[in-house]
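A structural walkthrough
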Amino acid sequence: MSSEQQPVRITVGTEAADGTRPYDVLIGHRLLGELPELIGGAKRVAVLHPEALTETGEVLREDLAAQGYEAIAVQVPNAEEAKTAEVAAYCWKALGQSGFTRSDVVVGVGGGATTDLAGFVAATWLRGVRWVAVPTTVLGMVDAAVGGKTGINTAEGKNLVGSFHPPAGVLCDLAALESLGVHDYVGGLAEIIKAGFIADPVILDLIEADPEAARGPGGPHTSELIERSIRVKAEVVSADLKESGLREILNYGHTLAHAIEKNERYEWRHGAAVAVGMVFAAELGRIAGRLDDATAERHRAVLESVGLPVTYRGDQWPRLLETMRVDKKSRGDLLRFIVLDGLAKPAVLEGPDPALLLAAHAEIAA
């Protein structure tokens, strides 16, 4: 996509009885010029950014100040360290000291952890103020910033405290991806590959055609892969904002992934954990007689081709199982997994036999 092209605009959601409004995700280059339209009517703007993007956050704050806004920059820790109650309280204090009102706006600039935090802070300040997501990573663009789920972590697990609070808009500036390290870029591919398996197999075809090119932002299909993934999520979210049914399919691979992340004290990249989680889910579906061998094996092949892990320490199964039981996707004492009944045919497997789980785990045990 050249910078001369108009950005791709994908609408998420519909007008709802609870006052929730649809919003647009813009994908392109040089999109910060779209920000004033999204924050129109505000007097104050708080730019939340991670330490790693201090320069970016300050440039954005200066740009907004030059346009007449009372803009502040709020620096938060990098990655998952930002998603704590302590950091949220620090952000609330900054908003309070700046005199933030209900007509003011929070802008979250950074990866998925930063936009999760920014959305949660916006959802909880004065019971809800507007916010805008400016994701700067692949994972942030295709997953965290789209859908309106905001949250922070606790000692007991990931995203256990949160709110449904859709943004006023999302700006996915593809130029931001050029500075990403290869591991962070590849980590985001896990969510793109997930979208391929649950809904849009063309994604898998594009990656399989040239896995090496898919590993960086310079590949020929970068914008198409990101656009297709966002469309998958936008369609699902539009049909099920509050995760009461269909939206659950977006959790493919995530039940085990969240347990791995907690077990690794969040030092594993989310995408790496999701990759292992998808192989586990594929094996669970295959062993349960619901997924064909070829599609189950395709998981392993496509994930390995871009450099994502497909195994995890075998001795950790008891701890992983215990963590999964308190996962927010469980219902009472019943474990729930999204599995595939075929390519792009996601379904729920509820309360699987422990022997099935053990057999599926054996297939990913390193």
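Starting afresh in each chain, residues are numbered from 1 along the sequence in its written order. Only residues with pLDDT of 70 or above have their local features reported here, since the model is predicted, and side-chain atom pairs are shown and tallied only from 80 upward, although totals for entire chains, interfaces and linings are computed over all residues. Side-chain numbers here rest on the full set of heavy atoms in the structure, without hydrogens or water.

1. Thoughts on the overall build of the protein chain
Short version of the rule: By definition, any uninterrupted DSSP run of H or I lasting at least four residues is a helix, any uninterrupted run of E lasting at least two residues is a strand, and each is numbered from the N terminus. The atom set for the radius of gyration is the C-alpha atoms, and the globule formula is 2.2 Å times the number of residues raised to the power 0.38. Remark: exposure states derive from per-residue accessible area (1.4 Å probe, protein chains only) relative to the maximum for the residue type, with buried under 20%, exposed over 50%, and partly exposed in between. Note on areas: Shrake-Rupley, 1.4 Å probe, and residue coverage restricted to the protein chains presented here. Residues scored as charged are limited to Lys and Arg (positive) and Asp and Glu (negative), so that His and the chain ends carry no count. To locate a charge, take NZ of a lysine, CZ of an arginine, CG of an aspartate or CD of a glutamate.
Scanning the protein chain from N- to C-terminus turns up 14 helices and 11 strands. Relative to its length of 366 residues, the protein chain is compact, with a C-alpha radius of gyration of 20 Å against a globular reference of 21 Å. Residues classed as buried in the protein chain amount to 53% of the 366 residues present. A total accessible area of about 15,000 Å² is found for the protein chain, and carbon and sulfur atoms account for 50% of it. One finds the centroid of the 35 positive side-chain charges in the protein chain at a distance of 6 Å from the centroid of its 50 negative side-chain charges.

2. Structural notes on the packing of aromatic side chains
Put simply, the rule reads: Stacked, edge-to-face and tilted labels apply to pairs of Phe, Tyr and Trp rings (six-membered ring for Trp) whose centres lie within 6.5 Å, assigned for plane angles under 30 degrees, over 60, and everything in between, in that order.
This structure, assessed with the given rule, holds 4 aromatic pairs. Consider the rings of tryptophan 92 and phenylalanine 120, whose centres lie 6.3 Å apart with planes at 45°: the pair is tilted. Note that tryptophan 92 is positioned in helix 3 (residues 85–97) and phenylalanine 120 in helix 4 (residues 112–124), a separation of 28 residues in sequence. Ring geometry for phenylalanine 280 versus phenylalanine 337: centroids 5.8 Å apart, planes at 55°, classification tilted. On the criterion of sequence distance, the pair formed by phenylalanine 280 in helix 11 (residues 270–287) and phenylalanine 337 in strand 10 (residues 336–340) is long-range, its members being 57 residues apart. Overall, the relative accessible area of 1% leaves phenylalanine 280 in the buried class. Here the aromatic cluster, defined as three or more aromatic residues joined through ring pairs, consists of Phe280, Trp317 and Phe337.

3. Points about helix 2 (residues 54–66)
The line we're drawing: Here the expected span of a helix is defined as 1.5 Å times the quantity of residues minus one. The directions considered for the arc run from the helix axis to the C-beta atoms. What makes two residues a contact is simply this: any of their non-hydrogen atoms within 4.5 Å.
Its 13 residues give helix 2 an end-to-end C-alpha distance of 18 Å, which sits within 8% of 18 Å, the value for a rise of 1.5 Å per residue. Those residues of helix 2 not exposed but buried are Gly57, Leu60 and Leu64. When helix 2 is viewed along its axis, its buried side chains cluster within an angular range of 65° and face the same direction. Residues of helix 2 that are exposed and point over 90 degrees away from its buried face: Glu55 and Ala66. At its buried positions, helix 2 is contacted by helix 1 (35–38), strand 3 (44–50), strand 4 (70–76) and strand 5 (105–110). Where helix 2 terminates, the next one or two residues include glycine 68, which has phi positive at roughly 100°.

4. Considering the side chain of aspartate 104
This is how the line gets drawn: For the purposes of these results, a polar contact is taken to be a pair of N or O atoms within 3.5 Å, where, inside protein, one atom must be able to donate a hydrogen and its partner to accept one; residues adjacent in sequence count only when each atom of the pair is a side-chain atom.
Structurally, aspartate 104 is set in the loop between helix 3 and strand 5. Separated by 3.1 Å, the side chain of aspartate 104 and the backbone nitrogen of lysine 43 make a polar contact. Only 2.8 Å separates the side chain of aspartate 104 from the backbone nitrogen of threonine 101, close enough to count as a polar contact. Those residues in contact with aspartate 104, other than ones at most four positions away along the chain, are Ala42, Lys43, Arg44, Gly99, Val129 and Arg130.

5. Details of the environment of methionine 324
Mapped onto the fold, methionine 324 is located in helix 13 (residues 317–325). Accessibility expressed as a relative area gives 0% for methionine 324, which makes it buried. Counting along the chain gives 93 residues from methionine 324 to arginine 231, while the straight-line C-alpha distance between them is 29 Å.

6. Here's the deal with the nonpolar core
Note the threshold: The term nonpolar core refers to a set of buried residues drawn from Ala, Val, Leu, Ile, Met, Phe, Trp, Tyr and Cys, joined through side-chain atoms within 4.5 Å. These domain boundaries are the output of an automatic or database domain assignment.
With 97 residues, the main nonpolar core has Leu117 and Ile193 as its most contacted residues. Sort the elements by how many residues they give to this core and helix 11 lands first, with 10 residues. When we break this core down by domain, the ones giving at least three residues each are domain 1 (8–177) and domain 2 (182–363). Judged by nonpolar contacts, the second largest core, of 17 residues, contains Leu31, Tyr69, Val107 and Leu171.

7. So, the UniProt feature "domain: 3-dehydroquinate synthase N-terminal" (unreviewed entry) in the protein chain
The test is simple: UniProt positions are given in the numbering used here, feature names are shortened, and annotations may be inferred rather than shown by experiment.
Within this numbering scheme, the UniProt entry marks residues 74–182 as carrying the feature "domain: 3-dehydroquinate synthase N-terminal" (unreviewed entry). Annotated as 31% helix and 31% strand, the span residues 74–182 places its first and last C-alpha atoms 27 Å apart.

8. Some details on the domain arrangement of the protein chain
As a reminder, the rule being used: Each of two parts loses accessible area, computed with a 1.4 Å probe, when they are put together; buried area is these two losses added. Salt bridge, as applied in this entry: a Lys or Arg side-chain nitrogen positioned within 4 Å of an Asp or Glu carboxyl oxygen. Any residue outside Ala, Val, Leu, Ile, Met, Phe, Trp, Tyr, Cys, Pro, Asp, Glu, Lys and Arg is labelled polar, Gly included; the first ten of those are nonpolar and the last four are charged.
Its domain assignment divides the protein chain into domain 1 (8–177) and domain 2 (182–363). With centres defined by C-alpha atoms, the gap from domain 1 to domain 2 works out at 26 Å. Roughly 2,700 Å² of surface becomes buried between domain 1 and domain 2 when both sides are summed, with 68% attributable to carbon and sulfur atoms. Our count for the domain 1 to domain 2 interface comes out at 2 salt bridges. For lysine 158, the salt bridge is made with glutamate 261, and the minimal N-O distance between the two is 2.7 Å. Linking domain 1 with domain 2 are 8 residue pairs in polar contact (both at pLDDT 80 or more), by the criterion used here. Among the secondary structure elements, those contributing two or more residues to the side of domain 1 that touches domain 2 are strand 1 (8–12), strand 2 (23–28), helix 5 (138–144), strand 7 (149–154) and strand 8 (157–164). If one sorts the elements of the side of domain 1 that touches domain 2 by residue count, helix 5 sits on top with 6 residues. Looking at the side of domain 1 that touches domain 2 residue by residue, the classes come out as 18 nonpolar, 9 polar and 6 charged.

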